[in-house]
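So the chains spell out like this:
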Amino acid sequence: MLKNLIKSINEKGFFHLLTANYFIGFLGLTSQLFVAKFLSPIELGDIKTLQSFIAVFSVLAGFGFNTAILKMCSENIDIGRKKELFSKNIVYTLISMSIVIIFVFILANFKILSPSENVNNWFVVYILVVPSMVLTSLSIAYLQALKKIKLMATLQSAIRLFGLLLIIGSTYYFGFSGFVWSSIVSSYIALIAILYFVKDDLKQPSTYKLEKTNFEYAKWGVLANVVGTISMYLDILILNTFSADREALGYYSLATIFLLGLNYVTGTVQSITTPYFSEKSNNEIEFMRVYKKYYKLLSLVSIFIGLLALFIVPYLIYFIFGEDYHDAGIYFQILVFKYIFWSNFALIGIAIWSLGKIKINFYLSVMTLVISIAITFVLTYRFQEIGAAYGQVIAYFISFLVFYYIGNKIIIDHFRKLER
């Protein structure tokens, strides 16, 4: 049975994507570790703050059209129709993106994003990365929907390798400013590279009108993605406001960098399963077979690598950065349980989304975000960085319980209604 499982997921491109993701993850982790070596803890904290804000605003700028593409182009429809959907969604994305960028530029100029002057000043520049991130995300969602997993993985690997060299070199020679500008340049090179592979699919009649369903998916998609992104970066966003020690924020940021390496397994499983869940959303037997198979796989793997990292990463931090970064190892040992809990409900949210219940997925996400904000806010205000770490673990444990019991019930009820 294990042999058949491995063969099946290999045919779907899992191991190819996993290998590529870990190569990408290794490159990303390596670049950030080098950056951390070349910058002060305070500057590292400022960079993490900038990246957290950019992540949220990029989701808003994309307005969920990548969600609509992934959902609708994963379904059994004509390839010509898929190309039309992709082409038209690009147009609407450009509109939403322009509005958000103007709004955020105004916020940054009024210097209300952060108590750090450095963050406010550089955000006006760093906002330039948003257009490339949004359009790249949309194109990747399209390739993912078409199940071009190997192409997507290979392309991303090559792009990240170039970005690694550019960012490390620029940060070494020019410091904080070098990191910001090289990040912007590498993001546009990535966009140009991926557009080369989808450019022919963009040559569709401009008279095609998107259906109401497309905007429904986009609307609930952006709401759910914003909530999910805020949840992911909530600790950094709250610490940005309430941390009394920007250097301690830098140590905390280093811990979250190591946490990124663990996220690639979960992200890979999500990437693989999304189009297959959507495709089988009207077939209970096939859907539940795929769902249970990947849930069990992800649960076991996340627990294993999480516990392994619990013991290894603190020693790596000490070896690479020295005794001064001891606190980063402590923060990581707490935050690793956040990863384990997240991995054990991440696939449930994808399954609900794939059934077309994006609205319900959003409501569940809001419920867990409100809980997370309350817990993390109180513990951060009282105990600073260590409180933020424990707050995130508690919040994600509660999220796991909510999604496991309510989410699974929603999936079961969906197929019961289909039988009637």
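The rules behind the values
Residues numbered from 1 in each chain as written. Predicted model: local features only at pLDDT ≥ 70, side-chain atom pairs only at ≥ 80, totals over all residues. Heavy atoms only, no water. Helix = DSSP H or I, 4+ residues; strand = E, 2+ residues; numbered from the N terminus. Buried < 20%, exposed > 50% of the residue type's maximum accessible area, 1.4 Å probe, protein only. Contact = heavy atoms within 4.5 Å. Areas by Shrake-Rupley, 256 points an atom, 1.4 Å probe, with all protein chains shown as cover. Core = buried A, V, L, I, M, F, W, Y, C linked by side-chain atoms within 4.5 Å. Salt bridge = Lys/Arg side-chain N within 4 Å of Asp/Glu carboxyl O. Expected span 1.5 Å × (residues − 1). Bend = angle between axes of the 7 residues up to and from the residue. Patch = residues over 30% accessible without salt bridge, like charges linked within 9 Å, V, L, I, M, F, W, Y side chains within 5 Å. Phe/Tyr/Trp six-rings, centres within 6.5 Å; stacked < 30°, edge-to-face > 60°. Polar contact = N/O pair within 3.5 Å; in protein donor to acceptor, adjacent residues only side chain to side chain. Axes fitted to C-alpha atoms, helices over the stretch in contact; angles between N-to-C directions. Parallel < 35°, antiparallel > 145°, perpendicular 65-115°, else oblique. Left-handed = near helix turned anticlockwise from the far one by under 90°. Nonpolar A, V, L, I, M, F, W, Y, C, P; charged D, E, K, R; others polar. pLDDT = per-residue confidence, 0-100. Lys, Arg positive; Asp, Glu negative; His and termini not counted. Charge placed at Lys NZ, Arg CZ, Asp CG, Glu CD.

Asker: I tried to follow the overall build of the protein chain on my own but got confused; where do I start?
Answerer: Along the protein chain, the regular secondary structure elements total 14 helices and zero strands. The order of helices and strands in the protein chain, counted from the N terminus, is α-α-α-α-α-α-α-α-α-α-α-α-α-α. Expressed as a percentage of the 420 residues in the protein chain, the buried residues total 57%. Taking the contacts inside the protein chain whose residues are at least 6 apart along the sequence as the reference set, 84% of them involve residues at least 24 apart. As displayed, the protein chain offers around 18,800 Å² of accessible surface, 68% of which is attributable to carbon and sulfur atoms.

Asker: Sorry if this is basic, but what is going on with the nonpolar core here?
Answerer: Grouped together as the largest cluster of nonpolar side chains are 61 residues, with contacts concentrated most on Leu 254, Phe 287, Tyr 291, Phe 332 and Ile 411. Within the residue set of this core, elements represented by two or more residues are helix H2 (14–38), helix H9 (212–242), helix H10 (246–279), helix H11 (284–321), helix H12 (326–343), helix H13 (346–354) and helix H14 (358–419). For this core, the element with the most residues is H11, which contributes 14 residues. Leu 70, Ala 141, Ile 159 and Trp 220 belong to the second-largest nonpolar core, a separate cluster that totals 33 residues.

Asker: Would you mind showing me how to read the pattern of salt bridges here?
Answerer: Two side chains carrying opposite charge are able to pair once their charged atoms lie near each other. Within the structure shown, the criterion is met by five salt bridges. A salt bridge links Asp 235 to Lys 338; the shortest N-O distance between them is 3.9 Å. Within this pair, whereas Asp 235 is found in helix H9, its partner Lys 338 is found in helix H12, the two being separated by 103 residues in sequence. The burial state of Asp 235 is the same as that of Lys 338; both residues are buried. For Arg 289, the salt bridge goes to Glu 286, with nearest N and O atoms at 2.8 Å.

Asker: I keep staring at H9 and nothing clicks. Help me out?
Answerer: The end-to-end C-alpha distance of H9, which contains 31 residues, comes to 42 Å, matching closely the 45 Å that a straight helix rising 1.5 Å per residue would cover. The principal kink in H9, of about 65 degrees, is found at Tyr 233.

Asker: Honestly, the environment of Phe 403 in this entry has me stumped. Any pointers?
Answerer: Counting through the fold element by element, Phe 403 comes out in helix H14. Residues Phe 403 and Ile 348, spaced 55 residues apart in sequence, show a C-alpha to C-alpha distance of 6.7 Å.

Asker: Teacher, can you tell me more about helix H5 (residues 79–109) here?
Answerer: Residues spaced three or four apart along an α-helix face the same direction, because each turn holds 3.6 residues. The terminal C-alpha atoms of H5 lie 45 Å apart, and with 31 residues this matches the ideal 45 Å at 1.5 Å per residue to within 8%. One or two residues past the end of H5 sits Lys 111, with phi positive at roughly 55 degrees.

Asker: Explain a nonpolar patch on the surface here, please?
Answerer: Taken together, Met 367, Phe 397, Leu 401, Tyr 404, Tyr 405 and Ile 406 make up a surface patch of nonpolar side chains, about 540 Å² in accessible area. By the secondary structure assignment, Tyr 404 is in helix H14.

Asker: How should the environment of Leu 249 be read in this particular structure?
Answerer: Examined against the element boundaries, Leu 249 turns out to sit in helix H10. Residue contacts for Leu 249: discarding those within four places in its chain leaves Gly 45, Thr 49, Ile 236, Leu 239, Asn 240, Ser 243 and Glu 385.

Asker: How should the packing of aromatic side chains be read in this particular structure?
Answerer: For any pair of aromatic rings, the description consists of the separation of the ring centres together with the inter-plane angle of the planes. One pass over the structure, following the stated rule, counts 30 aromatic pairs. Aromatic pair Phe 287 and Phe 415: ring centres 5.3 Å apart, planes at 50 degrees, arrangement tilted. Of this pair, Phe 287 sits in helix H11 while Phe 415 sits in helix H14, and the two are 128 residues apart along the sequence. Judged by relative accessible area, Phe 415 falls into the buried class, the value being 2%. Both rings, one in Phe 345 and one in Tyr 396, keep their centres 6.2 Å apart while their planes meet at 40 degrees; by these two values the pair is tilted. With Phe 345 in the loop between H12 and H13 and Tyr 396 in helix H14, this pair connects stretches of sequence that are 51 residues apart.

Asker: Just to check I follow, could you spell out unusual backbone geometry for this structure?
Answerer: Keep in mind that most residues, glycine aside, have a negative phi and that most peptide bonds are trans. Positive phi, normally seen in glycine, also occurs at Phe 63, with a value near 50 degrees. Inspection of the secondary structure puts Phe 63 in the loop between helix H3 (41–62) and helix H4 (65–72). Assessed through its relative accessible area of 38%, Phe 63 is described here as partly exposed. Phi at Gln 384 is positive, roughly 60 degrees, even though this residue is not glycine.

Asker: So what exactly am I meant to see when it comes to the side chain of Lys 82 here?
Answerer: In this structure, Lys 82 sits in helix H5. Residue class for Lys 82 comes out buried when judged on its relative accessible area of 12%. At a separation of 3.1 Å, a polar atom in the side chain of Lys 82 contacts the main-chain carbonyl oxygen of Cys 73.

Asker: Is there a simple way to think about the packing of H10 against H13 in this case?
Answerer: Between two packed helices, both the angle of their axes relative to each other and the distance between the axes serve to describe the pair. Where H10 contacts H13, the axes come no closer than 9 Å and their chain directions differ by 20 degrees. It follows from the interaxial angle that H10 and H13 lie roughly parallel. Here the hand of the crossing between H10 and H13 comes out right-handed. Residues Thr 266, Val 269, Gln 270, Thr 273, Thr 274, Phe 277 and Ser 278 of H10 pack against Ala 346, Leu 347, Ile 350, Ala 351, Trp 353 and Ser 354 of H13. When grouped by side-chain class, the residues that make up the contact of H10 with H13 number seven nonpolar, six polar and no charged.

Asker: Looking at this structure, I do not really get the confidence of the model for the protein chain. What am I missing?
Answerer: Should the pLDDT be low somewhere, the predicted coordinates at that spot are not to be read in detail. Across the protein chain, the average pLDDT comes to 83, with 89% of residues at 70 or higher. The spread of mean pLDDT over the elements of the protein chain runs between helix H1 (residues 2–11), the lowest at 48, and H12, the highest at 94. Here residues 9–14 is modelled with pLDDT under 50, and outside its nearest four sequence neighbours on either side it reaches 15 contacts, counting other chains as well.

Asker: Would you take a moment to explain a negative patch on the surface for this structure?
Answerer: Residues Asp 245, Glu 247, Glu 323 and Asp 324 make up a contiguous surface patch of negative charge. Owing to a relative accessible area of 39%, Asp 245 belongs among the partly exposed residues under this scheme.

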